[in-house]
Amino acid sequence: MALPIQMKHQLQTDRLTLRPHTAADIPALVRLLTDRANTETFLVPDFTSEAQATSLAQKLVDFSQVSDTGHLQYAIDLQGQLIGFITDCGIEADTIEIGYILDPAYQGHGYTTEATHSVINDLRRMGFKKVTAEFFDTNTASRRVLEKCGLRPTGSTETLEYRGVAHTCIGYSLDL
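What counts, and where the lines are drawn
- Residues numbered from 1 in each chain as written.
- Predicted model: local features only at pLDDT ≥ 70, side-chain atom pairs only at ≥ 80, totals over all residues.
- Heavy atoms only, no water.
- Phe/Tyr/Trp six-rings, centres within 6.5 Å; stacked < 30°, edge-to-face > 60°.
- Buried < 20%, exposed > 50% of the residue type's maximum accessible area, 1.4 Å probe, protein only.
- Helix = DSSP H or I, 4+ residues; strand = E, 2+ residues; numbered from the N terminus.
- Pairing = 2+ DSSP bridges.
- Contact = heavy atoms within 4.5 Å.
- Polar contact = N/O pair within 3.5 Å; in protein donor to acceptor, adjacent residues only side chain to side chain.

## Quick look at the packing of aromatic side chains
And step 1. All told, the structure shown has four aromatic pairs when counted by the stated rule.
And step 2. Here the aromatic rings of Tyr106 and Tyr111 are separated by 6.5 Å at their centres, their planes lie at 55°, and the arrangement is tilted.
And step 3. Judged by its relative accessible area of 12%, Tyr111 falls in the buried class.
And step 4. A centroid spacing of 6.0 Å and a plane angle of 50° characterise the contact between Phe136 and Tyr162, whose relative ring orientation is tilted. Of this pair, Phe136 sits in strand β6 (residues 130-136) while Tyr162 is found in strand β7 (residues 152-162), placing the two residues 26 residues apart along the sequence. The pair formed by Phe136 and Tyr162 is uniform in burial state, with each residue classed as buried.

## Comments concerning the pairing of strand β8 (residues 165-175)
Looking along a regular strand, one sees the side chains alternate between the two faces of the sheet.
And step 1. Strand direction decides the pairing type here: β6 and β8, joined by seven bridges, are antiparallel. Across the sheet, residue Phe135 finds its bridge partner in β8, namely Ile170.
And step 2. Looking at chain direction, β7 and β8 are connected through eight bridges and run antiparallel. The residue of β8 that forms the bridge with Thr157 is Ile170.
And step 3. Hairpin geometry of β7 and β8 is characterised by an intervening segment of two residues between the two adjacent antiparallel strands and by a positive phi of about 55° at Arg163.

## Considerations on the environment of His71
And step 1. Relative to the helices and strands, His71 resides in the loop between α3 (50-63) and β3 (73-78).
And step 2. Residue class for His71 comes out partly exposed when judged on its relative accessible area of 25%.
And step 3. If near-sequence neighbours (up to four positions away) are discounted, His71 is found in contact with Ile5, Met7, Phe63 and Asp88.
And step 4. Only 3.1 Å separates the side chain of His71 from the side chain of Asp68, close enough to count as a polar contact.

Here you go:
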């Protein structure tokens, strides 16, 4: 049985606020979920309509509410603007796999590392014993984020076909 998620109403870092999404975030979430730079490295459906992307954005809003104990979903907020999110990609017992998206306009400033580090500390508080993540071997930025947050290679790799292209996924983990 998976540990329940006990999100806080907000986590504060030096520059960021991690918080539940609101309905006002839906347009920004749709942009993040459909931005080509993000969809090249973060597994999202190949939407055939804006309504499909909006439906997924609404699910992320719902998952981020403090009352939802089955999902981890924090908005990454910079000075009142949604610039990304951190989510769970699976929870099994006391192990959680995380993933993240950051607006390409804000990449390269350490925001993802700062947010991920804060969420890892929150997961430790919740009682999780291990954090895992996977990334495409070509996504060196994600590798750097995970390494800066203390995750290390597990030695596991898998080949995954995504949007017609075979990708090698590399596994990382951190014992909490």
